[in-house]
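Breakdown of the fold
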Amino acid sequence: MLALFFRHKYFMFVILTLLFCSILCQILLGVLYRRLIRETENMSATKNKSLQQLKLKFTSCRQLHETIPNVPVFVDKFLNQISLGKIPVAFFRHLSGQLTLLSVLVAGIGACISIIQEETFLMIAPFYLVSFLGLYLYFAATSLIDLPGKVNMLRTNLVDYLENHLSNRLEQTRLDMRMVGMEDSAQKPKNAAAGLDNPVSENAAAEKEPLFEKNAEHKKSSPAFTPSEAEELEVLLREFLA
C-alpha cells in the first residue's frame, strides 16, 4: 500500500502539505483566541496591546459622548480588526478552507492523470483515500478547536467588561471630578470674601479714623494767633491804613 503512495509521491507531498498548512492555520487561530480569552479574565491588568487599545478607544468615546448605546457593535468592530502580526485573522480563516479545497483539487487532478494513463483502480485509490482522510482531519480539527465558540466567548467577556465594569468606573470618575470641581469653585468665593472682610484691615481703618478726628478737632480748637500777636497785627494795620 505504501508503494502505491510513493508511486505518486509528488502529488501526495503537495496534498499532505496543503492539508497540514490548513490545519495549522486553524490551530494558530485557536491559540490566538484562547490567549485573548485568558487576558479578558483580568482586563484591568492586561498587557495585550490590542486589548489596551480597545480600552483606550472606549474611554475616549465615553469622554466624547455620555453613553455608547451599541457596545456589542463596538466589540464586533474590534473582533473584525484582530490580526496575527500584520495579517487579519479573517485571512487565515479563509486561507484554511481554501487550502483544504486546493488539496482536494490536486488529488482530483492526480486521479484524472492516472485514469488518462490507464492505471488500475488500486493505483488511483490513494488519491481518494488521502482526500477523504484529509477532509476528515480538517473538519475534526475545526470542531475540536471550535473557533466560532471561542469568538462568542471572547465577545461576551469584552461586552461584560465594557458595560458592567469599565463604564461604571468611568462614571464614578466623572462624578468624582465634578465633585472636586464644585468644591474648588465653592472655595474661591470664600477666599475672596475672606480677603474683603479681613479683620486686620477693618481694625486698621478703625484705628485711622479716630486719628483723623483728633487732628481735625485739634486744628479747630487751637487759635491761629495769640492775644499779643493779634494786638500787634492790629496796630500795624492801623499804621498802614493811616
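Residues numbered from 1 in each chain as written. Predicted model: local features only at pLDDT ≥ 70, side-chain atom pairs only at ≥ 80, totals over all residues. Heavy atoms only, no water.

1. What to know about the packing of helix 3 (residues 49-64) against helix 4 (residues 71-80)
Across the interface, helix 3 lies against helix 4 with an axial gap of 11 Å and an inter-helix angle of 145 degrees. Along this stretch, helix 3 crosses helix 4, giving a crossing that reads as right-handed. In this structure, helix 3 contributes Ser-50, Leu-51, Leu-54, Lys-57, Phe-58 and Cys-61 to the contact, and helix 4 contributes Val-71, Phe-74 and Phe-78. Taken together, the residues of the contact of helix 3 with helix 4 break down into seven nonpolar, one polar and one charged. (Axes fitted to C-alpha atoms, helices over the stretch in contact; angles between N-to-C directions. Helix = DSSP H or I, 4+ residues; strand = E, 2+ residues; numbered from the N terminus. Left-handed = near helix turned anticlockwise from the far one by under 90°. Contact = heavy atoms within 4.5 Å. Nonpolar A, V, L, I, M, F, W, Y, C, P; charged D, E, K, R; others polar.)

2. Points about unusual backbone geometry
With a phi angle near 60 degrees, Glu-118 is a residue other than glycine that sits in the positive phi range. With respect to the helices and strands, Glu-118 occurs in the loop between helix 5 (89-116) and helix 6 (121-145).

3. Side note on the side chain of Thr-100
Mapped onto the elements of the fold, Thr-100 is located in helix 5. Among the residues examined, Thr-100 registers a relative accessible area of 2% and is labelled buried. Polar contacts involving the side chain of Thr-100 include one to the main-chain carbonyl oxygen of Ser-96, which spans 3.1 Å. Those residues in contact with Thr-100, other than ones at most four positions away along the chain, are Leu-19, Ser-22, Leu-135 and Tyr-138. (Buried < 20%, exposed > 50% of the residue type's maximum accessible area, 1.4 Å probe, protein only. Polar contact = N/O pair within 3.5 Å; in protein donor to acceptor, adjacent residues only side chain to side chain.)

4. Notes on the nonpolar core
Among the nonpolar cores identified, the biggest contains 26 residues, and Val-75, Phe-78, Leu-79, Ile-82, Leu-154, Leu-158 and Leu-162 are the most heavily contacted of them. If you list the elements that add at least two residues to this core, you get helix 2 (9-40), helix 3, helix 4, helix 5 and helix 7 (147-196). At seven residues, the largest contribution of residues to this core is made by helix 7. Ignoring any residue separated from it by four or fewer positions in sequence, one finds Leu-154 in contact with Tyr-33, Leu-36, Ile-37, Thr-40, Leu-79 and Ile-82. Judged by nonpolar contacts, the second largest core, of eleven residues, contains Leu-19, Leu-99, Ala-111 and Val-130. (Core = buried A, V, L, I, M, F, W, Y, C linked by side-chain atoms within 4.5 Å.)

5. Looking at the pattern of salt bridges
For the structure on display, the rule yields one salt bridge. Salt-bridge contacts for Arg-155 lead to Asp-76; the nearest nitrogen and oxygen are separated by 2.7 Å. Residue Arg-155 is found in helix 7, and its partner Asp-76 is found in helix 4; the two are separated by 79 residues along the sequence. Residue classification places Asp-76 among the partly exposed residues on the basis of a relative accessible area of 28%. (Salt bridge = Lys/Arg side-chain N within 4 Å of Asp/Glu carboxyl O.)

6. Quick look at the confidence of the model for the protein
The predicted model of the protein averages 76 in pLDDT, with 64% of residues at 70 or higher. Contacts from residues 198-209, a stretch scored under 50 in pLDDT, to residues over four places away or in other chains number one contact. A low-confidence stretch, residues 218-222 stays under pLDDT 50, and its non-local contacts, those more than four residues away or across chains, total zero contacts. (pLDDT = per-residue confidence, 0-100.)

7. A look at the packing of helix 2 against helix 6
At a closest axis distance of 10 Å, the pairing of helix 2 and helix 6 adopts a crossing angle of 5 degrees. In this view, helix 2 runs roughly parallel relative to helix 6, as classed from their interaxial angle. Two secondary-structure elements touch here, helix 2 through Phe-11, Met-12, Ile-15, Leu-16, Leu-19, Ser-22, Ile-23, Gln-26, Ile-27 and Gly-30 and helix 6 through Pro-126, Phe-127, Val-130, Gly-134, Leu-137, Tyr-138, Ala-141, Thr-142 and Ile-145. For the contact of helix 2 with helix 6, the residue count by class is 14 nonpolar, five polar and no charged. (Parallel < 35°, antiparallel > 145°, perpendicular 65-115°, else oblique.)

8. Some thoughts on the packing of aromatic side chains
Summed over the entire model, instances satisfying the criterion amount to four aromatic pairs. Relative to Phe-74, the ring of Phe-58 lies with its centre 5.6 Å away and its plane at 70 degrees, an arrangement referred to as edge-to-face. With Phe-58 in helix 3 and Phe-74 in helix 4, this pair connects stretches of sequence that are 16 residues apart. By relative accessible area, which is 13% here, Phe-74 ends up buried. Considering the side-chain rings of Tyr-138 and Phe-139, the 5.2 Å spacing of their centres and the 75 degrees angle between planes classify their relative orientation as edge-to-face. The exposure class of Tyr-138 is buried, given its relative accessible area of 11%. A relative accessible area of 52% places Phe-139 in the exposed class. (Phe/Tyr/Trp six-rings, centres within 6.5 Å; stacked < 30°, edge-to-face > 60°.)

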